[in-house]
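Listed below, chain by chain, are the residues.
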Amino acid sequence: MNGSSGIEARGLRNRYIGGLSGGEVGERVTVCGWVARVREHGEHLVFVDVRDYSGIVQVVAHSTLDLRSEYVVQVDGLVSMRPPGTENPGLATGNIELTETVIEVLSSADPPPFSLLDRVDVDEATRLRFRYIDLRRDRMQHNLRARARINSAIRSSMERQGFTEIETPLLWTPTPEGAREFVVPSRLHQGSTYVLPQSPQIAKQLLMVAGFDRYYQIARCLRDEDLRADRQFEFTQLDLEASFVTQRDIMDFISDAVVSAAEAADIHVNSEIGEISWKDAMDRFGSDKPDMRFGNELIDVTSVFARTEVRALSSPCLKALVAPNPVSLSRSKLDDLVDRAKLLGAKGLLWLRVVASDNGLLLESPVSKFLTEQETSDLIAAAQVADGDIILIVGDIWEKACQVLGQVRLDLGKSQAHPDEYKFTWVVDFPLFEGIDQDGRLISAHHPFTMPNQEDFPRLESDPLSVRSQSYDLVLNGWELGSGSIRIHRGAIQSKIFSLLGISEEEAHNRFGFLLEAFKFGAPPHGGFAFGIDRLAALLVGEENIREVIAFPKTQSGSDLMTGAPKEIDRKVWDLLGLAVKDSKKDLS
RNA sequence: GGACCUGUGGUGCAGCCUGGAGUGCACGUCGGCCUGUCAAGCCGAAGGUCGCGGGUUCAAAUCCCGUCAGGUCCGCCA
């Protein structure tokens, strides 16, 4: 027990650097690590900072030994107090140093392509090309180790709550819908393919039919969709499913897991996680994944302008936002906001500046002269504004108006969210269907196995778009961490949903036949959830990009800059799979 | 599929708008000096396809077009 993490040093060393302390003065120790820095004062005095994962220690040498940055060394030396006045309070081992040292170079090293110091910004493409060097940096060491602790805490939480870890296949069967799947051609069945699972969704439902009661897995999921700051081709989810439970039970299981995960990252969360309905989230925050670390909620002002003469204000729905930081909004910034709103799909955005005058508060705006006195005073009252405030209004159908202004709210307000605050929120009562496609068929909001809300059953035929589902999302600081639902376990309901979705019996059989068949043999009521561990870990370590918590991520165009993947392969491999390449940038021969 | 930003010695940046010799800064690298530094210090040196291709011009890092790469976003992600 002599490392900073309490593990025993063995093999080529008998101490971890981070564990060295004044208590060992007078002992000879052997440590191993990388040369972090050399400070040479002539051949009689050389300071070498040696780094292992646990810390850095100053090694005093007297030789002319050729030591350069990132050389791998074994140092045998005497733990000594530093001479008075030369202690370094910035270093955990700053009151001691290793003297009378014997240094052996285990590996020499070329100068690294970039500085290993966190304070030096390096282009991400360069970091990814030499990822193994980038990973030596404190930031990545900290992030990946925090992620490991998060994983461990999640596993403990699951075990504590009686869940059984079960692995599911990576080579799965195509179920064409939802995310685009990665395809794996079969050699033994030419022309046929496996696909990599976008999630273990169906497999885990089968495990419920199989009677495992509570299943979980830290599962890799793969989706061939375009990448983003919070999306990689492959990502990791905590996936769970449980039988004979309610929505509330699943939410409790997950709450325990994420609160434990946060604690593992030294972040304390109020164990009471807030809850908001999808409708309220849209109405008040203009998002189904609201960032609730700051206020500035949207205000409905439709009724204020119910009889307006102004064309820009005659919309089915008008949402208003009081700008969180009005002083910074110059005329040109306001014009930018109008452009931004249009880019987001709004017809426009109206701004009104509140100014005090002898006659009370007035509104300055391109449309102010068209507003009646009643409208002006009603708007000022509804928005509860004061001198200097700026009111932003978007008019459209309800969902669009909310979404656009919700995005503007984030653009303007995010900077005032406290970076150390962690606001988990449950979003519940999602609609079962998110709309109607061109052919008049309903579109699933979650997936077609989601159980409708019991109270809304009678409206499935008459008013399907108003039907809520037993599904629930977990949101953290404006990021969707994951979602889950109670599943349909009875054939009659499933058939009804399939028919509403316009999925024929034959089509359902082709896609999910094995699942529907399984449900005939005694399916327990069940439900589950999955949340993204990459996203959770990124948020908990304060990163804005999940690549910072992934050891070897892909670029936005799906390349691995270190290995060069994806690469063209030999034609013989295609032949073996019974495939031919139609178009290729290079001749493959 | 689309919009926007970025690309200049090994690293980070300035130069670009308003064309005039690869001009500058910091770090690193290499060499020399240096016995208490810790982002050591001092002196010196090396290091460049200004992403790539084309165009405009007497002249292009700079202006224009195309293209590649990286990033952010829209679409997409049941």
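Residues numbered from 1 in each chain as written. Chains lettered and ligands numbered in written order. Predicted model: local features only at pLDDT ≥ 70, side-chain atom pairs only at ≥ 80, totals over all residues. Heavy atoms only, no water.

Our next topic: the nonpolar core. Core analysis: the biggest nonpolar cluster contains 68 residues, and Ile 154, Leu 238, Leu 240, Ile 254, Phe 531 and Leu 536 have the highest contact counts within it. The contact partners of Leu 536, leaving out residues within four places of it in the chain, are Ile 150, Ile 154, Val 258, Ala 261, Phe 424, Leu 476, Leu 481 and Phe 531. Core analysis: the second largest hydrophobic core is formed by 21 residues, Leu 318, Leu 350, Leu 363 and Ala 383 among them. (Core = buried A, V, L, I, M, F, W, Y, C linked by side-chain atoms within 4.5 Å. Buried < 20%, exposed > 50% of the residue type's maximum accessible area, 1.4 Å probe, protein only. Contact = heavy atoms within 4.5 Å.)

In terms of domain boundaries, chain A breaks down into domain 1 (17–107), domain 2 (124–264 + 530–589) and domain 3 (294–416). Computed from C-alpha coordinates alone, the two centres of domain 1 and domain 2 are separated by 41 Å. (Domains from an automatic or database assignment.)

A cluster of basic side chains, namely Arg 228, Arg 231, Lys 289 and Lys 414, defines a positive patch on the protein surface. According to the relative accessible area criterion, Lys 414 is partly exposed, its value standing at 37%. (Patch = residues over 30% accessible without salt bridge, like charges linked within 9 Å, V, L, I, M, F, W, Y side chains within 5 Å. Areas by Shrake-Rupley, 256 points an atom, 1.4 Å probe, with all protein chains shown as cover. Salt bridge = Lys/Arg side-chain N within 4 Å of Asp/Glu carboxyl O. Lys, Arg positive; Asp, Glu negative; His and termini not counted. Charge placed at Lys NZ, Arg CZ, Asp CG, Glu CD.)

Strand order across the open sheet formed by eight strands is E6-E9-E10-E22-E21-E20-E17-E11, with mixed pairing between neighbours. In the strand order of this sheet, the two ends are held by strand E6 (164–165) and strand E11 (274–277), each with one partner. Here E11 pairs with strand E17 (residues 424–428) via four bridges, running parallel. Across the sheet, the residue bridging to Gly 274 is Thr 425, located in E17. Sitting on the sheet, helix H3 (residues 138–160) is in contact with E6, strand E9 (214–222), strand E10 (234–243) and strand E22 (526–532), with an inclination near 150° to E9. Each of E9, E10, E17, strand E20 (471–476), strand E21 (479–486) and E22 touches helix H13 (residues 533–540); the most contacted strand, E21, lies at about 140° to it. (Pairing = 2+ DSSP bridges. Helix = DSSP H or I, 4+ residues; strand = E, 2+ residues; numbered from the N terminus. Axes fitted to C-alpha atoms, helices over the stretch in contact; angles between N-to-C directions.)

Among the six residues that make up strand E13 (residues 317–322), six are buried, leaving the element largely enclosed by the rest of the structure. What you see with E13 is no split at all: Cys 317, Lys 319 and Leu 321 on one side and Leu 318, Ala 320 and Val 322 on the other are buried throughout. In the sheet, strand E12 (residues 299–300) pairs with E13 via two bridges, with the strands oriented antiparallel. Each bridged residue has a counterpart across the sheet, and for Ile 299 the counterpart in E13 is Ala 320. Judged from the six bridges that link them, E13 and strand E16 (residues 390–396) form a sheet pairing that is antiparallel. If you follow Cys 317 over to E16, its bridge partner there is Asp 396.

Let us look at the sheet that holds strand E15 (residues 360–364). Overall, antiparallel pairing links the five strands, which are arranged E12-E13-E16-E14-E15 in an open sheet. The open sheet terminates on both sides in strands that have one partner only, identified here as E12 and E15. Contacting strand E14 (350–357) and E16, helix H7 (residues 331–343) crosses the sheet at an angle of about 150° to E14.

Another aspect to go through is the pattern of salt bridges. Under the criterion given, the structure shown has 40 salt bridges. With a closest N to O distance of 3.5 Å, Lys 204 and Glu 241 form a salt bridge. One end of the pair, Lys 204, is in helix H4 (residues 201–209); the other, Glu 241, is in strand E10, and 37 residues separate them in sequence. Glu 241 is the salt-bridge partner of Arg 487, the closest N and O atoms lying 2.7 Å from each other. Linking Arg 487 in the loop between E21 and helix H11 (491–500) with Glu 241 in strand E10, this pair joins segments that are 246 residues apart in sequence. Looking at Arg 487, the relative accessible area reads 1%, which means it is buried. If you follow the salt bridges from partner to partner, you end up with Arg 127, Arg 131, Asp 134, Arg 137, Arg 139, Glu 543 and Glu 548 in one network.

Right, let's get into the protein's contact with RNA strand B. Around RNA strand B sit 47 residues, and of these Arg 37, Arg 68, Thr 86, Glu 97 and His 446 come closest. In the interface set of RNA strand B, defined as its atoms within 4 Å of the protein, sugar plus phosphate atoms amount to 49%. Within the side chain of Arg 39, an N or O atom sits 2.6 Å from a base oxygen of RNA strand B. Between RNA strand B and Arg 547 there is a distance of 3.0 Å, counted from a phosphate oxygen to a side-chain nitrogen or oxygen. (Near = heavy atom within 4 Å. Polar contact = N/O pair within 3.5 Å; in protein donor to acceptor, adjacent residues only side chain to side chain.)

Moving on: the environment of Leu 577. When you line up the elements, Leu 577 lands in helix H14 (residues 571–577). Given a relative accessible area of 16%, Leu 577 falls into the buried group. Taking the C-alpha atoms as reference points, Leu 577 and Val 184, 393 residues apart in sequence, are found 10.0 Å from one another. When near neighbours in sequence (up to four residues on either side) are disregarded, Leu 577 contacts Pro 185, Ser 186, Arg 187 and Gln 190.

What follows deals with the packing of aromatic side chains. Evaluated as defined, the whole model comprises eleven aromatic pairs. Relative to Phe 529, the ring of Tyr 472 lies with its centre 5.8 Å away and its plane at 5°, an arrangement referred to as stacked. Placement of the pair is Tyr 472 in strand E20 and Phe 529 in strand E22, with a sequence separation of 57 residues. A single burial state applies to Tyr 472 and to Phe 529, both of which are buried. Taking the centre distance of 5.8 Å and the plane angle of 5° together, the rings of Phe 498 and Phe 512 count as stacked. (Phe/Tyr/Trp six-rings, centres within 6.5 Å; stacked < 30°, edge-to-face > 60°.)

This next bit is on the environment of Thr 175. Structurally, Thr 175 can be placed in the loop between E6 and strand E7 (183–185). With a relative accessible area of 9%, Thr 175 lands in the buried category. The sequence separation of Thr 175 and Ile 202 amounts to 27 residues, and the corresponding C-alpha distance is 9.6 Å. Those residues within four positions of Thr 175 in sequence are excluded, and the remaining contacts are Glu 181, Ile 202, Arg 511 and Phe 512.

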